[in-house]
Amino acid sequence: MASSFLLSCRGLSAAADETPILHDVDLEVPAGEVHVLMGPNGAGKSTLGHVLMGDPAYSVTSGSVEFDGADITELSPDKRSRAGLFLSFQAPVEIPGVPLRSFLRAMVEGRGQKMKNKEFRKKIKELAQTLDMDPAYLDRELGVGFSGGEKKKVEMLQLLLLEPKLAILDETDSGLDVDALSVVSRGMELYREQCDGTLLIITHNTRILEHLNVDCVHVMVSGRLVAAGPSGLIDEIDAQGFERFELDNSAE
Amino acid sequence: MKTKQTLIERAAAMPATTWHFLNMNDVRIEIPEDLAIAPKVRVFEPWASHGSRDEFENALADAQEAWELEHPEPTAEEQRARAELLEAEADATYGGTAQSNYQVQADAIEEARSLSVAFEHGMGDEVAAYLRYAAEDRVVISAGPGEKVNAQVLVSSVQGGVSVAAIDVVADEGSDVELSVVVDSEQDAAANAGADRASQGLVGTTVRVFADKDARVRVERTQALQEGFTDIDDMGLFAGDRARIDVRQAVLGGSCAYAGLAGDLRGSSSRIEVETRYLGRAEQVRDFNYSLRHHGAKTRCNLQANGVLADKSKKTLRGTIDLVRGCKGAEGSENETVLLVDEGVHNKTVPVILCNEDDVAGNHGATIGHIRDEQLFYLACRGLAQDAAERMFASAIVEQAALDAGSAAAREAVVRLGERMSPGFAELFEGADDDR
Amino acid sequence: MAENTIIVTTSGKKRTQVADVDRGMYDFRYEDADAEKLEAGLTPEIVREISERKGEPAWMLEHRLKSLEIYNSIEMSDWGPSIDGLDMDNIVTYVKPNTDQKSDWDSVPDNIKDTFDRLGIPEAERSYLAGVGAQYDSELVYHSMQESAAKMGIVYSGIEEALHGDYADLIQSKFMTLIPPTDHKFAALHGAVWSGGSFVYVPKGVRLDYPLQSYFRLNAKGAGQFEHTLIIVEDDADLHFIEGCSAPKYNVANLHAGAVELFVGKRAHLRYSTIENWSKNMYNLNTKRCRCDEEGQIEWISGSFGSHVGYLYPMSILAGRKAQASFTGITFAGSGQNLDTGCKVVLGAPETSASVETKGISKDGGIQTFRSSVVATPAAKGSRCSVSCQSLMLDDRSRSDTIPAMDIRCKNVDIGHEATIGRIGDDKVFYLMSRGIGEEEARTMIVNGFAEPISKELPLEYAVEMNNLIKLEMEGAIG
């Protein structure tokens, strides 16, 4: 029976170079909701994001991932992307030699979308303006010499261009400056507004969540999901940190 | 039927050679003999910058005088002392150090104490002489002291012909010259399907640059020929004190493209920067030879080559940085990145550093292979599988060339080539400026 | 029997002393009055005579004559250091010492035993080697292996002796197949006049914990040494082999054109360490090659310090899936030396990998060239190779060239290359001096530090020796 959730993973365990990182993770995200994944540094939150996207650096040792009614555990990342899954990178890679415009075009073409170049040009220019991004960046080599905030803008622009069914935003890095932070917030808002998107936000920076109605908060400690609850959990964590969950975990 | 060929063996040879089995030391160029000499060259430059025919030779001769003043010949006493030292060394070391042919030749060049002997063409003297002969005339762009000159030379391919431009740039003290060379097939020159590809024609340029003290010269050469044409790009550069020469090359079209660049960093604190971008598709051949000689103190050079090889294309890059004795404080670096996107490609690289001076820094790096893992994953996350990512890198070479083009003519040429490669290209890039 | 005379070189002034003293321990020599020499030069008659004296099988004589023909028909390469100082008509290709091969040092004639004693070979054998072969001029004078190793089925003997033994057919099937006489002029010469050298056979699955060592000493004036080393390490076996060489200094050219052919089986491992310390009148044109089968590993450790002219590029042919090669080398060229060294790698099968790390030092007008070739064939899918090469110039009279070639015919490969060249940083010297260290010592420390990543890979007693070499070479380098 197909699950009623947009994303669900069951008993998911994963390892990097034979070192286990994720243990028996069960996670369900219904369509249209906003979920937050929190946890202390090194808990495996980013790893979960990467594993959900199919990063070959990790191997799934048990369990499965279902997305939009299909088992995607064995799917390559490009196929997951085309199936409607999106992962924004904490630190987007630089790709010298490839103008941002060319990259965006290849991305759209890869999805088999028929769009005239003229139309496409207009669209990305509009998106850039919505995100308060200088269109000159479209002609620069992807990521090369971009500031942290500019890189984030590029990630959000891709989010809005692709309009995925589920976006996993990996914002673990608490070092985001104010600029980058507001870019991400704006991107998330637009994504929710324009395509009624579903979000899984990985963070331990609660400021990023201020303007969002969070449906569920998951807490990860040492590669396990140890708690889940309504948005109130965020305030609790803000006040008390993760210590309580860590103790719970070690008591097991 | 095979037509008769003029052969130039050992063109664009690298100074210090290596194993012959590698077939990398030089290149063999075939020129069909039935091609007519038919230069189709248009020059756009301010009238005032038009120089006299032997301006370059005169400038070099003047530089020779100045150089000799600064570098007086060793006195008889010094020469004798040196000979004695060498003799003593030879006695103590079993006849002295055995040198290779290159090392002997390098010493001979220095001992000649002549700037014109040391001045080299990247394609070698034989090719340069052929190109000068084929060019019929010479374009001389000259900038007086402190002047600013902006010039363009457009060389168009000629079906069944040899279309070559010979260009001298003479930049006086403190002047600023920008030269854009576009090597291109005109729009109406329809592809001659079914014809013997190699015999379609030859297009070429031979450029000599003399940059005097504090001069700044930028040369941009964009090659966007149609399939079937052979391109030869020959350059020889001379940089005086604190002069700076920037060369940017885009090798995008044609069938066989040969590029040779030699530079003499003679003046102290002079600098030469070379940036090359190339694309190899189908059965295209690309051959590059760079040779930069540091003579002056605190000179700098930097070679950057980035390319993508697809289908059954072949590429060879010989890059030599020579840190000649006396170039105290010089720094030379070269870096190459080659992306191989198909099984049939063939890439050869030999990044050479020759060093005869201790107070220097030389380094080179080469990265040859596929897209880096983290880039590949990032692109996959955006829906691009490996082959799609590779195609993107290949077309990005042309797109980036269109965006970086320093002149409208260069951009148009690239866009035309892009349009031939993938219809719709023009719409994506032509008006990129309007967006700003 | 004639009285043997030791001639030890001594010298006066400090500056010239540097060059002499550093090889002082090698620079004694015995008159070769007792030795049998063949006429200098190279003719089919000489080749026949060498073969006859050795009582070789007919195929070997044929091989020699064919090689001589090739030698006469091909040109010397034009890219390397000049060998004009080498007059082939005056090189004695065969010098037989006044003894047969022995298996205990006491039976070796005193002058020869004394030579190896001074070089520390018997002592090394006692302390950490599983077996030793010692060649003096054209023939092996000593060969011995511990009983325990023999019991494991390991064969370590003179190659000529082995040509008549149980492995004769195996040798015939491998001999000069990795280095065919057509490869280059001195490979052809080797094929014609080779003499002496070792044969090692390590059976399947056998792992020898202690190294075997062969030491080559060329004593005769104006002679050539052409030993052939053939090592077969069968599947899953493991061996460490050490090669050392030296010669006293003469005022005429000596030639070394040995050949080393190594066959590494599936999942087998071979470490081949060499310290080359020929005297500075030596033309060292040695050829070394290894073929690795699936998951086989070859590790080259190479130190080049001696010779007037050196051409040395150990080659790794990775012929089986996941085969691996590593090359670690250091070259130190001083006054009057032109050492052209490096390596060759062929990535000839899927998922092979190779790494090359070299250091080069040149001083006092010496020339040091790093030359390499990395070829990835269309079969090399998934292979990797990284080359890293650093050169240090100790003065502005010397030369350091780097000529690395890469020929890549396969898409899914990772080929990386990096090289740097420079001198001892003044800031480093200043730093050390500010801590109370004298300038000369500071420079020596920095050079040793530069060489350290390589020297630590060398067999222990050689590493000590190398540090001493550097120290001695550096002495008097200032002022």
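Cut-offs used in this document
- Residues numbered from 1 in each chain as written.
- Chains lettered and ligands numbered in written order.
- Predicted model: local features only at pLDDT ≥ 70, side-chain atom pairs only at ≥ 80, totals over all residues.
- Heavy atoms only, no water.
- Helix = DSSP H or I, 4+ residues; strand = E, 2+ residues; numbered from the N terminus.
- Rg over C-alpha atoms; globule rule 2.2 N^0.38 Å.
- Buried < 20%, exposed > 50% of the residue type's maximum accessible area, 1.4 Å probe, protein only.
- Contact = heavy atoms within 4.5 Å.
- Areas by Shrake-Rupley, 256 points an atom, 1.4 Å probe, with all protein chains shown as cover.
- Lys, Arg positive; Asp, Glu negative; His and termini not counted.
- Charge placed at Lys NZ, Arg CZ, Asp CG, Glu CD.
- Pairing = 2+ DSSP bridges.
- Axes fitted to C-alpha atoms, helices over the stretch in contact; angles between N-to-C directions.
- Expected span 1.5 Å × (residues − 1).
- Buried area = accessible area lost by both parts, 1.4 Å probe.
- Salt bridge = Lys/Arg side-chain N within 4 Å of Asp/Glu carboxyl O.
- Polar contact = N/O pair within 3.5 Å; in protein donor to acceptor, adjacent residues only side chain to side chain.
- Nonpolar A, V, L, I, M, F, W, Y, C, P; charged D, E, K, R; others polar.
- Parallel < 35°, antiparallel > 145°, perpendicular 65-115°, else oblique.
- Left-handed = near helix turned anticlockwise from the far one by under 90°.
- Core = buried A, V, L, I, M, F, W, Y, C linked by side-chain atoms within 4.5 Å.
- Phe/Tyr/Trp six-rings, centres within 6.5 Å; stacked < 30°, edge-to-face > 60°.
- pLDDT = per-residue confidence, 0-100.

Considerations on the overall build of chain B
Across its full length, chain B holds nine helices and 20 strands. Taking 2.2 N^0.38 as the reference for a compact globule, 436 residues should give roughly 22 Å; the C-alpha atoms of chain B span a radius of gyration of 22 Å, in line with that estimate. Out of the 436 residues in chain B, the part that is buried amounts to 59%. When contacts within chain B are restricted to residue pairs at least 6 apart in sequence, long-range pairs at least 24 apart make up 84% of them. When the accessible surface of chain B is summed, it comes to about 16,700 Å², and 48% of that surface belongs to carbon and sulfur atoms. Each charge class in chain B can be summarised by its mean position, and for the 44 positive and 75 negative side chains these summaries are 3 Å apart.

Some details on the overall build of chain C
Assigned secondary structure in chain C consists of twelve helices and 25 strands. A burial count over chain C gives 63% of its 479 residues as buried. Considering only residue pairs separated by 6 or more positions, chain C has 84% of its internal contacts joining residues 24 or more positions apart. Split by element, the accessible area of chain C, about 16,900 Å² in all, is 47% carbon and sulfur.

What to know about the arrangement of the chains
Contacts are most numerous between chains B and C, considering all two pairs of chains that are in contact. Note that chain A does not reach chain C: the shortest distance linking a C-alpha of one to a C-alpha of the other is 16 Å.

Observations regarding the sheet that holds strand S3 (residues 34-38) of chain A
All names here are of chain A. As summarised here, the arrangement of the six strands in space is S6-S9-S10-S3-S11-S12, forming an open sheet in which the pairing is mixed. Sheet topology places strand S6 (85-88) and strand S12 (224-229) at the edges, where each strand pairs with a single neighbour. On average, each strand axis in the sheet is inclined to that of its neighbour by 20 degrees, with strand direction left out of account. Across the sheet, helix H1 (residues 45-53) lies against S3, S6, strand S9 (166-170), strand S10 (198-202) and strand S11 (216-221), angled at about 145 degrees from S6, the strand it touches most.

Details of helix H1 (residues 55-70) of chain B
The first and last C-alpha atoms of H1 of chain B sit 23 Å apart over 16 residues, in line with the 22 Å expected at 1.5 Å per residue. Looking only at H1 of chain B, the buried set comprises Glu55, Phe56, Ala59, Leu60, Ala63, Gln64 and Trp67 of chain B.

Quick word on the interface of chain A and chain B
Taken together, the contacts link 42 residues of chain A with 27 residues of chain B. Here chain A packs against chain B, burying approximately 2,900 Å² in sum over the two surfaces, 62% of which is carbon and sulfur. One salt bridge connects Arg382 of chain B with Glu155 of chain A, and the closest N-O pair in it is separated by 2.8 Å. Counting every contact that joins chain A to chain B gives 15 residue pairs in polar contact (both at pLDDT 80 or more). Mapped onto the side of chain A that touches chain B, the elements with two or more residues apiece are H1, helix H2 (77-82), S6, strand S7 (95-99), helix H3 (100-110), helix H4 (117-130), strand S8 (141-142) and helix H5 (148-162) of chain A. The residue inventory of the side of chain A that touches chain B, partitioned by class, reads 21 nonpolar, eight polar and 13 charged.

Some remarks on the sheet that holds strand S5 (residues 70-71) of chain A
All names here are of chain A. The antiparallel open sheet is built from four strands, whose spatial order is S2-S1-S4-S5. Each of the sheet's edge strands pairs with one partner strand only, and the pair in question is strand S2 (19-29) and S5. Pairing analysis gives seven bridges linking strand S1 (residues 7-16) to S2, with the strands arranged antiparallel. Residue pairing in the sheet places Cys9 in a bridge with Leu27 of S2.

Topic: unusual backbone geometry
Backbone geometry at Asp24 of chain A places phi at a positive 50 degrees, although glycine is not the residue there. As for its position among the elements, Asp24 of chain A is in strand S2. Of note in the backbone geometry, Glu136 of chain B takes a positive phi value of approximately 65 degrees without being a glycine. Position of Glu136 of chain B relative to the elements: it lies in the loop between helix H5 (125-135) and strand S5 (138-143).

A word on the packing of H4 of chain A against H5 of chain A
Residues and elements named next belong to chain A. Direction vectors running N to C along H4 and H5 enclose 130 degrees, while the axes themselves pass 10 Å from each other. By the angle between their directions, the pair H4 and H5 is classed as oblique. Judged by the twist between their axes, the crossing of H4 over H5 is right-handed. From H4, Phe120, Lys123, Ile124, Leu127 and Ala128 reach across to H5, where they touch Leu157, Leu160 and Leu161. Here the residues of the contact of H4 with H5 are counted per class, giving seven nonpolar, no polar and one charged.

Quick look at the interface of chain B and chain C
Across the boundary between the two partners, chain B contributes 56 residues, which contact 61 residues of chain C. Between chain B and chain C lies a buried interface of about 4,700 Å² when both sides are counted; carbon and sulfur atoms form 51% of it. Area buried by chain B at its contact with chain C is led by Trp19, Tyr94 and Asp358 of chain B, which between them contribute 18% of it. Scanning the region where chain B abuts chain C turns up four salt bridges. The partner of Arg423 of chain C in a salt bridge is Asp359 of chain B, and the shortest N-O contact between them spans 3.2 Å. Summed over the shared surface of chain B and chain C, the result is 28 residue pairs in polar contact (both at pLDDT 80 or more). Listing elements by their share of the side of chain B that touches chain C, those giving two or more residues are helix H2 (76-92), helix H3 (101-111), strand S19 (346-355), strand S20 (360-369) and helix H7 (386-404) of chain B. Partitioning the side of chain B that touches chain C into residue classes produces 24 nonpolar, 22 polar and ten charged. Where S19 of chain B lies against strand S24 (residues 399-408) of chain C, six bridges are found, and the strand directions are antiparallel. Its bridge partner lying in S24 of chain C, Ile353 of chain B is registered against Thr402 of chain C.

Some details on the environment of Glu227 of chain C
Residue and element names in this part refer to chain C. Structurally, the position occupied by Glu227 is in the loop between strand S8 (224-225) and strand S9 (228-233). In this structure Glu227 comes out as buried when scored by relative accessible area, which is 0%. With 70 residues separating them along the chain, Glu227 and Gln297 place their C-alpha atoms 24 Å apart. Excluding residues within four positions of it along the chain, Glu227 makes contact with Gln135, His190, Ser195, Gly196, Gly197, Phe216, His256, Gly258 and Ala259. Among the polar contacts made by the side chain of Glu227, one reaches the side chain of His256 at a distance of 2.9 Å.

Looking at the nonpolar core
If you look at the biggest cluster of nonpolar residues, it comprises 117 residues, and the most contacted ones within it are Leu48, Leu52, Phe103 and Leu104 of chain A together with Leu379 and Phe393 of chain B. Look past the residues within four positions of Leu48 of chain A in its chain and what remains in contact with it is Leu12, Leu22, Val25, Leu27, Leu37 and Met220 of chain A. Core analysis: the next-biggest nonpolar cluster, separate from the first, contains 107 residues, Leu179 and Ala366 of chain B together with Met145 and Val200 of chain C among them.

What to know about the packing of aromatic side chains
All names here are of chain C. Inspection of every chain in the model, using the stated rule, returns 26 aromatic pairs over all chains. Between Trp59 and Phe175 the ring centres are 6.0 Å apart and the planes differ by 70 degrees, which places this aromatic pair in the edge-to-face class. Note that Trp59 is positioned in helix H3 (residues 58-73) and Phe175 in the loop between helix H8 (168-174) and helix H9 (185-193), a separation of 116 residues in sequence. Of the residues examined, Phe175 reaches a relative accessible area of 5% and is grouped as buried. Between Phe116 and Tyr215, the aromatic rings sit 6.2 Å apart at their centres with planes inclined by 90 degrees, giving edge-to-face as the arrangement. Linking Phe116 in helix H4 (residues 110-119) with Tyr215 in strand S7 (residues 212-217), this pair joins segments that are 99 residues apart in sequence. In this pair, the class of Phe116 matches that of Tyr215, namely buried.

With respect to the confidence of the model for chain C
Residue and element names in this part refer to chain C. Across chain C, the average pLDDT comes to 85, with 88% of residues at or above 70. Long-range and interchain partners of residues 1-23, a stretch whose pLDDT sits below 50, account for 46 contacts in this model, where long-range means more than four residues apart. Complex prediction metrics read pTM 0.89 and ipTM 0.93.

Considering the pairing of strand S15 (residues 287-292) of chain C
The two faces of the sheet receive side chains in turn, since in a regular strand these alternate between them. Residue and element names in this part refer to chain C. The element S15 is largely enclosed, with a buried count of five among its six residues. Sheet topology places strand S12 (residues 259-264) next to S15; six bridges connect them, and they run parallel. Paired with Leu262 across the bridge in S15 is Cys290. Pairing between S15 and strand S18 (residues 315-318): four bridges, direction parallel. Paired with Arg291 across the bridge in S18 is Ile317.

Some thoughts on the pattern of salt bridges
Taken as a whole and judged by the stated rule, the model has 64 salt bridges over all chains. Taking the shortest distance from any N to any O, the salt bridge between Asp264 of chain B and Arg266 of chain B comes out at 3.1 Å. With respect to class, Asp264 of chain B is no different from Arg266 of chain B; both count as buried. Close ionic contact of Arg53 of chain C with Glu49 of chain C constitutes a salt bridge, the shortest N to O distance being 3.5 Å.

Remarks on the pairing of S9 of chain A
All names here are of chain A. Burial runs high along S9: five of the five residues are buried. With four bridges joining them, S6 and S9 adopt parallel strand pairing. Its bridge partner lying in S9, Leu87 is registered against Ile168.

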